[in-house]
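Overview (structure and organization)
Chain by chain, the residues:
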Amino acid sequence: MRRNAVDANQGEIVDALRKAGCSVAPTSQAGDGFPDLVVGRAGVNYLLEVKDGNKITSAQKLTPKQRKFHKQWLGQVEVVNSVEQALEAVGLK
C-alpha cells in the first residue's frame, strides 16, 4: 500500500495557520483523495489540499483520487500552494 506523500511546504503552512489563531488537523494520511488539512477558524471548518508551490505546475496537479474527491464533495475545499494562499483561503488576507 502506497503512503501519501506530504508536500515540503505543509509544515510551514500549518505553522502559519496556527500562529494566525487557527486550529489545524493534518489529514494527509487519510487517503482516498481527502485533503491534507482541516482548518478551523471562527466556527468554520476549511478543507485545504496543499501543493508545493516550488514544484513545476504539472507536479502540482491533483491526483485522480483528489480530483474525484473535489468533484463529489458538496462543501468547501481549496487547493493552496503557499502560506499566503492558505491564509487567504481561511479569510485571513
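The residue count restarts for each chain, going from 1 along the sequence in the order it is written. Note on the predicted model: pLDDT of at least 70 is required for a residue's local features to be given, and 80 or more for side-chain atom pairs to be given and counted; whole-chain, interface and lining totals, by contrast, use all residues. Computation of side-chain values covers all heavy atoms of the structure but excludes hydrogens and water.

Among all positions of helix 1 (residues 10-19), only Gln10, Ile13, Val14, Ala16 and Leu17 are buried. Buried residues along helix 1 cover an arc of 165° about the axis, so they all sit on one side. Exposed and oriented more than 90 degrees from the buried face of helix 1 are Glu12 and Lys19. Where helix 1 is buried, its residues contact strand 1 (23-26), strand 2 (37-41), strand 3 (44-50), strand 4 (78-80) and helix 3 (83-89). Exposure is judged per residue with a 1.4 Å probe applied to protein chains only, and the accessible area is read against the type maximum: over 50% gives exposed, under 20% gives buried, and values in between give partly exposed. Starting at the N terminus, helices and strands are each numbered in turn, a helix being any DSSP run of H or I of at least four residues and a strand any DSSP run of E of at least two. Along the arc lie the directions from the helix axis toward the C-beta atoms. Any two residues whose heavy atoms approach within 4.5 Å at even a single point are treated as in contact.

On to the pairing of strand 2. Strand pairing requires that DSSP identify at least two bridges connecting the strands. Sheet analysis places strand 1 next to strand 2, joined by 4 bridges and oriented antiparallel. Across the sheet, residue proline 26 finds its bridge partner in strand 2, namely leucine 37. Taken together, the 5 bridges between strand 2 and strand 3 define a ladder with antiparallel strand orientation. Within strand 3, the residue paired with valine 38 across the bridge is leucine 47. What sits between the antiparallel neighbours strand 2 and strand 3 is a turn of 2 residues, in which alanine 42 has the positive phi angle 55°.

In this structure, lysine 93 sits in the segment after helix 3. Sequence spacing of lysine 93 and histidine 70 is 23 residues, and the spatial spacing of their C-alpha atoms is 23 Å. Ignoring anything within four residues of it in the chain, the contact list for lysine 93 reads Leu87 and Glu88.

Here a pair means two rings of Phe, Tyr or Trp (six-membered ring of Trp) with centres within 6.5 Å. Their orientation is stacked below 30 degrees between planes, edge-to-face above 60, and tilted elsewhere. On inspection of all chains with the given rule, the structure shows 2 aromatic pairs. Measuring from centroid to centroid gives 5.3 Å for phenylalanine 34 and phenylalanine 69, while their planes differ by 70°, and the two rings are edge-to-face. Placement of the pair is phenylalanine 34 in the loop between strand 1 and strand 2 and phenylalanine 69 in helix 2 (residues 64-72), with a sequence separation of 35 residues. With 5.1 Å between their ring centres and 20° between their planes, phenylalanine 69 and tryptophan 73 make a pair best called stacked. Residue class for phenylalanine 69 comes out buried when judged on its relative accessible area of 14%.

Here we come to unusual backbone geometry. Even without a glycine there, the phi angle at aspartate 32 is positive, about 55°. Topologically, aspartate 32 is positioned in the loop between strand 1 and strand 2. Residue class for aspartate 32 comes out exposed when judged on its relative accessible area of 61%. Located in the positive-phi region is alanine 42, a residue other than glycine, with phi close to 55°. Among the secondary structure elements, alanine 42 is positioned in the loop between strand 2 and strand 3. According to the relative accessible area criterion, alanine 42 is exposed, its value standing at 71%.

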